[in-house]
Amino acid sequence: MSEQFQNRRAFFAVAAAFLAMVLNSAVVAAAQAQPGSQQAMDFANRQGYTSIFDGKTLAGWEGQPGLWRVEDGAIVGETARDMFAPGAFPNTFLIYRGVTAKDFDLKLEIKVEKGGGSGIQYRSSVGTQPGQAPGKANEGRDPRWSMIGPQADFWFPVNEQAKDYSGQLYSQNTGLGTIAWRGQVVHSLAGKAPQLVGLIGDRGKLGAFVNDGAWNQYTIIARGGVILHILNGQLMAVLVDDDPASSNNVSGLFGLQVEGVPCKVSFRNLWLRKIN
């Protein structure tokens, strides 16, 4: 056996031993790692956040008179049939004028009672859907308090379909409708329909995380084209929007919705961490 061959064989033996050692270390490390060992986000942690509701007044907010009030430290929007024209189905917003943002973390608590639904607008503008006639105040659809843009949806379980709405990403007044249903990861590109790329979980089973008629913790995270909806600590919907001209990819306003009649929506502990 030549000396050159012996040296080459020795080299490969050492390399194989080293690779085995590395792989074994990786296996041991993986075995020792505890799944879910990351520290959970503290919903009550407000470091770096700014309150957008003082708990006492509607300072900085504006909406249809007679529908919104402050009650027990919460913003309350409420509709009743005798407030509107017969057959009306109100859909109106309380708009926060104190800030606009594109990238942010927003944490709040929400509760819907009596029926109907609600949602949190972000990256939004004021207006109605292009091509549609403006609504009227006596219908609860005055264009001064209508919004366009992405929404973190939340509904009272008025029917089987509505049970699946809470947590989804809905595009308000754009004609796009629901972009990411609860339990979905969706990718969007310019000129193409949004595409489902993965599932977080079963849409119906994720409904177990929703507290119907009680307080819920809602977190919305927006970074560039990526938007996450988290409800009571559970990831509910993800959108990755790579269309720079998309209505989901702009800086905009925040708003709170009351939809349907009768309906009572409540919001408290609204905290915003604006990135840009």
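A brief structural summary. Residue numbers restart at each chain and count upward from 1, following the sequence in its written direction. Where local features are concerned, this predicted model is filtered to residues with pLDDT of at least 70; where side-chain atom pairs are given and counted, the filter is 80 or more; whole-chain, interface and lining totals use all residues. Side-chain measures here rest on the full set of heavy atoms in the structure, leaving out hydrogens and waters.

### Focus: the overall build of the chain
And step 1. The secondary structure listing takes helices from DSSP runs of H or I that are at least 4 residues long and strands from runs of E that are at least 2 residues long, numbered from the N terminus. If you tally the helices and strands in the chain, you get two helices and 17 strands.
And step 2. For every residue, the accessible area obtained with a 1.4 Å probe (protein chains only) is divided by the maximum for its type, and the residue is called buried under 20%, exposed over 50%, and partly exposed between those limits. A burial count over the chain gives 42% of its 276 residues as buried.
And step 3. Contact definition: two residues touch when any of their heavy atoms are within 4.5 Å. Considering only contacts in the chain between residues 6 or more positions apart, those separated by 24 or more positions represent 70%.

### Description of the sheet that holds strand β7 (residues 117-126)
And step 1. An order of β2-β5-β16-β7-β8-β9-β10 is seen for the seven strands of this open sheet, with the pairing classed as antiparallel. Both outer strands of the open sheet, β2 (61-62) and β10 (177-180), are each paired with one neighbouring strand and no more.
And step 2. The criterion for strand pairing is that DSSP finds at least two bridges linking the strands in question. Examined bridge by bridge, strand β9 (residues 169-172) and β10 share three bridges and lie antiparallel to one another. From the neighbouring strand, Tyr170 faces β10, where its bridge partner is Thr178.

### Digging into the side chain of Lys111
And step 1. Examined against the element boundaries, Lys111 turns out to sit in strand β6 (residues 104-113).
And step 2. Those residues in contact with Lys111 that sit more than four places away from it in its chain are Gly213, Ala214, Trp215, Lys264, Val265 and Ser266.

### Digging into the nonpolar core
And step 1. The definition of a nonpolar core used throughout is a set of buried Ala, Val, Leu, Ile, Met, Phe, Trp, Tyr and Cys residues joined through side-chain atoms within 4.5 Å. If you look at the biggest cluster of nonpolar residues, it comprises 43 residues, and the most contacted ones within it are Ile120 and Phe267.
And step 2. The contact partners of Ile120, leaving out residues within four places of it in the chain, are Leu106, Leu108, Ile110, Pro150, Gln151, Ala152, Tyr218, Ile220, Gly255, Leu256 and Phe267.
And step 3. If you look at the next biggest cluster of nonpolar residues, it comprises five residues, including Phe93, Ile95, Trp145 and Met147.

### Considering the packing of aromatic side chains
And step 1. Stacked, tilted and edge-to-face pairs are distinguished by plane angle, under 30 degrees for stacked and over 60 for edge-to-face with tilted covering the rest, among Phe, Tyr and Trp rings (Trp via its six-membered ring) whose centres lie within 6.5 Å. Within the structure shown, the criterion is met by six aromatic pairs.
And step 2. Note on Phe154 and Tyr218: the rings are 6.4 Å apart at their centroids and 65° apart in plane angle, and the pair reads as edge-to-face. In this pair, Phe154 sits in strand β8 (residues 147-155) while Tyr218 sits in strand β13 (residues 216-223), placing the two residues 64 residues apart along the sequence.
And step 3. On the accessibility criterion, Tyr218 (1% relative accessible area) is buried.
And step 4. Through successive ring pairs, a cluster of aromatic residues spans Phe104, Tyr122 and Phe254.
And step 5. It is Arg268 that lies over the ring of Trp215; its NZ or CZ is 4.0 Å from the centre. Only lysine NZ and arginine CZ atoms are considered, and such an atom sits over a ring when it is within 6 Å of the ring centre and within 35 degrees of the ring normal.

### So, empty space enclosed by the protein
And step 1. Method remark: on a 1 Å grid restricted to protein atoms, a set of points is classed as a cavity if a 1.4 Å probe fits but cannot get out and as a pocket if it is open with protein on both sides within 12 Å along at least five of seven lines; lining residues have an atom within 4 Å of a point. Grid points are joined across faces, edges and corners, and a volume is the space filled by probe spheres set on the points. For the coordinates displayed, the defined rule picks out one cavity of 30 Å³ or more.
And step 2. Put simply, the largest cavity is a space of about 30 Å³.
And step 3. What lines the largest cavity is simply Ile52, Trp61, Leu106, Leu108, Ile120, Gln121, Phe254, Gly255, Leu256 and Leu270.
And step 4. Taken together, the elements giving at least two residues each to the lining of the largest cavity come down to β6, β7 and β16 (252-259).
And step 5. The greatest single-element share of the lining of the largest cavity, amounting to three residues, is contributed by β16.
And step 6. Looking at the lining of the largest cavity, its residues break down into eight nonpolar, two polar and no charged. Residue type decides the class: Asp, Glu, Lys and Arg count as charged, Ala, Val, Leu, Ile, Met, Phe, Trp, Tyr, Cys and Pro as nonpolar, and the leftover types, Gly among them, as polar.

### Some points on the environment of Trp215
And step 1. Note that Trp215 resides in the loop between α2 (203-206) and β13.
And step 2. A relative accessible area of 22% places Trp215 in the partly exposed class.
And step 3. Filtering out sequence-adjacent residues up to four positions away, Trp215 remains in contact with Ala74, Glu109, Ile110, Lys111, Ser266, Phe267 and Arg268.

### Comments concerning the pairing of strand β3 (residues 68-71)
Here is the key point about a regular strand: its side chains alternate between the two faces of the sheet.
And step 1. Two elements, β3 and strand β4 (residues 74-79), share four bridges in a ladder whose sense is antiparallel. Paired with Trp68 across the two strands is Gly77, which belongs to β4.
And step 2. Between β3 and β4, which pair antiparallel one after the other, the connecting turn spans two residues, and Asp72 there sits at a positive phi close to 55°.

### Section: the environment of Pro86
And step 1. The topology assignment puts Pro86 in the loop between β4 and β5 (91-101).
And step 2. A relative accessible area of 84% places Pro86 in the exposed class.

### Some details on the side chain of Arg123
And step 1. Following the sequence through the fold, Arg123 ends up in strand β7.
And step 2. For Arg123, a relative accessible area of 1% gives the class buried.
And step 3. Polar contact is the term for a pair of N or O atoms within 3.5 Å; when the atoms are in protein, one must be able to donate a hydrogen and the other to accept it, and sequence-neighboring residues count only if both atoms are side-chain atoms. Of note is the side chain of Arg123, whose polar atom sits 2.9 Å from the backbone oxygen of Gly224.

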